[in-house]
Amino acid sequence: VNEEKGLNLHVHYRKDVFSNDRIQQFLRHYKKLIVMSYDNFREKLCKISLLDKKEYQQIVYDWNQTDKDYPSDKTIYQLFQDQVKKTPDNIAVVFEEQQLTYKELNAKSNQLARYLQTQIEIKPDTIIALCLDRSLEMIIGILGVMKAGGAYVPIDPNYPKERIQYILDDTQAPLLLTQTQLLTTLEKVNHKGDIKLIALDTVCYDKQSARNLSLQSKASDLAYVIYTSGTTGKPKGVMIEHRQLLHYRHWLLDQTHFSLSKVVDCSSSLAFDATVQMIWIGLSIGQKIIICPEETKQDPRKYLNYLEQNNIEAIIDHIRKS
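Residues numbered from 1 in each chain as written. Predicted model: local features only at pLDDT ≥ 70, side-chain atom pairs only at ≥ 80, totals over all residues. Heavy atoms only, no water.

Comments concerning the packing of helix 3 (residues 76–86) against helix 8 (residues 242–255)
Piece 1. One can describe the packing of helix 3 onto helix 8 by two numbers: an axis separation of 9 Å at closest approach and a directional angle of 55°. Comparing the axis directions of helix 3 and helix 8 gives the class oblique. When helix 3 is examined against helix 8, the residues Ile76, Tyr77 and Leu79 are found in contact with a partner set consisting of His242, Leu245, Leu246 and Arg249.
Piece 2. Taken together, the residues of the contact of helix 3 with helix 8 break down into five nonpolar, one polar and one charged. (Axes fitted to C-alpha atoms, helices over the stretch in contact; angles between N-to-C directions. Helix = DSSP H or I, 4+ residues; strand = E, 2+ residues; numbered from the N terminus. Parallel < 35°, antiparallel > 145°, perpendicular 65-115°, else oblique. Contact = heavy atoms within 4.5 Å. Nonpolar A, V, L, I, M, F, W, Y, C, P; charged D, E, K, R; others polar.)

Below is the structure:
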């Protein structure tokens, strides 16, 4: 500090971290702060701004022009059906030695949707539970529920019985889709018998029409409900509408390279939110979803071989805390 020449300030900075423009902005702000401390020392801080008009315009208005057009009036299964028309014979989903084309997956989910409508009355936002091991039925079940007009809540079969019971009680789901090997456990949870259990691997729904159903729900209706871990208390159900999923889809495809991947690995639990999102985003743009068997994922060598043999280009994964 020099009383005649004023204040001299030298800035030392890493050029590989900060640009010259950034440092100049910092100096302008610092100078403004010093001037304000003398000229406006009685002024309330809330009325003082370091930004000049140009910076304020850029930060508040220019950088917030993020509005984008996307099909906000559609459901996620409508986008899937649009993709079926484009690539009916492409493989949609694979599990071990089984696979379904887009046309076959669409047909089976249509048949299941019609079957479900014969079992209970399904209105928009009717919640149907799914407790399924990794399988093609897992994908058919999700899509069938949505096409029938309902919303689904995924339940991991590895959850403790108390957590499964809590989710079923909290959602008041009248119907639970599962598999034969899980029936014994779920029947114990459903000891009151107020939930109808359907094993998708044995029930005959293939006599139903395979044609697309009329629109049973709209973009503002629920697509699914996913439950939090409950680490801060009881698990909470997060309700996701179709339009919210579509908004996320638009962001992901616009801001990432996910759409460039043709083959996608699904290794995580159906009850993990990212799994749900990526499966349906992938099926809405023509990707092949390969469901990784549980025992393969648990063995690093088997998993690496699996990724290489299947030419996996993107991974849907969930790292669990031990």
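Some details on the side chain of Thr171
Piece 1. Position of Thr171 among the secondary structure elements: in helix 6 (residues 161–171).
Piece 2. When its relative accessible area of 13% is taken as the criterion, Thr171 is described as buried.
Piece 3. Here the side chain of Thr171 touches Ile167 through a polar contact of 2.8 Å, landing on its backbone oxygen. (Buried < 20%, exposed > 50% of the residue type's maximum accessible area, 1.4 Å probe, protein only. Polar contact = N/O pair within 3.5 Å; in protein donor to acceptor, adjacent residues only side chain to side chain.)

Quick notes on the nonpolar core
Piece 1. One finds Leu105, Trp280 and Leu283 to be the most contacted residues of the largest nonpolar core, which totals 57 residues.
Piece 2. Those residues in contact with Leu105, other than ones at most four positions away along the chain, are Phe80, Ala92, Val93, Leu100, Ile139, Ile140, Leu143 and Leu283.
Piece 3. With 18 residues, the next largest nonpolar core counts Ala129, Cys131, Ile164 and Ile195 among its residues. (Core = buried A, V, L, I, M, F, W, Y, C linked by side-chain atoms within 4.5 Å.)

Points about the environment of Asn90
Piece 1. Relative to the elements of secondary structure, Asn90 occurs in the loop between helix 3 and strand 1 (91–95).
Piece 2. Spatially, the C-alpha atoms of Asn90 and Gln287 are 8.7 Å apart, while their sequence positions differ by 197 residues.
Piece 3. Residue contacts for Asn90: discarding those within four places in its chain leaves Thr101 and Tyr102.

Observations concerning the packing of helix 5 (residues 136–147) against helix 9 (residues 273–283)
Piece 1. As a packed pair, helix 5 and helix 9 sit with axes 12 Å apart at the nearest point and diverge in direction by 80°. Of the possible angle classes, the one that applies to helix 5 and helix 9 is roughly perpendicular. Residues Ile139, Ile142, Leu143 and Met146 of helix 5 form the contact with helix 9, whose own contacting residues are Ile279, Trp280 and Leu283.
Piece 2. Split into classes, the residues belonging to the contact of helix 5 with helix 9 amount to seven nonpolar, no polar and no charged.

So, helix 8
Piece 1. Compared with the 20 Å implied by 1.5 Å per residue over 14 residues, the 20 Å span of helix 8 between its first and last C-alpha is a close match.
Piece 2. Among all positions in helix 8, only His242, Leu245, Leu246, Arg249 and Leu252 are buried. Along the long axis of helix 8, the arc covered by the buried residues comes to 125°, so they all point the same way.
Piece 3. The secondary structure elements touched by the buried residues of helix 8 are helix 3, helix 5, strand 7 (222–227), strand 8 (237–241) and helix 9. (Expected span 1.5 Å × (residues − 1). Arc of directions from axis to C-beta.)

Observations concerning a nonpolar patch on the surface
Piece 1. Together, Leu7, Leu9, Val11, Phe26, Tyr30, Leu33 and Leu50 line one region of the surface with nonpolar side chains, adding up to about 590 Å² of accessible area.
Piece 2. Along the polypeptide, Leu9 turns up in the segment before helix 1 (20–39). (Patch = residues over 30% accessible without salt bridge, like charges linked within 9 Å, V, L, I, M, F, W, Y side chains within 5 Å. Areas by Shrake-Rupley, 256 points an atom, 1.4 Å probe, with all protein chains shown as cover. Salt bridge = Lys/Arg side-chain N within 4 Å of Asp/Glu carboxyl O.)

Let's talk about the packing of aromatic side chains
Here a ring pair, both rings aromatic, is described through the centre-centre distance and the interplanar angle of the planes.
Piece 1. In this structure the tally under the stated criterion is seven aromatic pairs.
Piece 2. Just above the ring of Tyr159 sits the side chain of Arg163; from NZ or CZ to the centre is 4.4 Å.
Piece 3. The ring of Tyr303 carries Lys297 above its face, with NZ or CZ at 5.2 Å from the centroid. (Phe/Tyr/Trp six-rings, centres within 6.5 Å; stacked < 30°, edge-to-face > 60°. Lys NZ or Arg CZ within 6 Å of the ring centre and 35° of its normal.)

Observations regarding the confidence of the model for the protein
Piece 1. Per-residue pLDDT for the protein averages 87, and the proportion of residues at 70 or more is 91%.
Piece 2. The weakest mean pLDDT in the protein belongs to strand 11 (residues 314–316) at 77; the strongest belongs to helix 4 (residues 102–119) at 98.
Piece 3. Between residues 318–322, whose pLDDT stays under 50, and residues either more than four places distant or in other chains, the model counts four contacts. (pLDDT = per-residue confidence, 0-100.)

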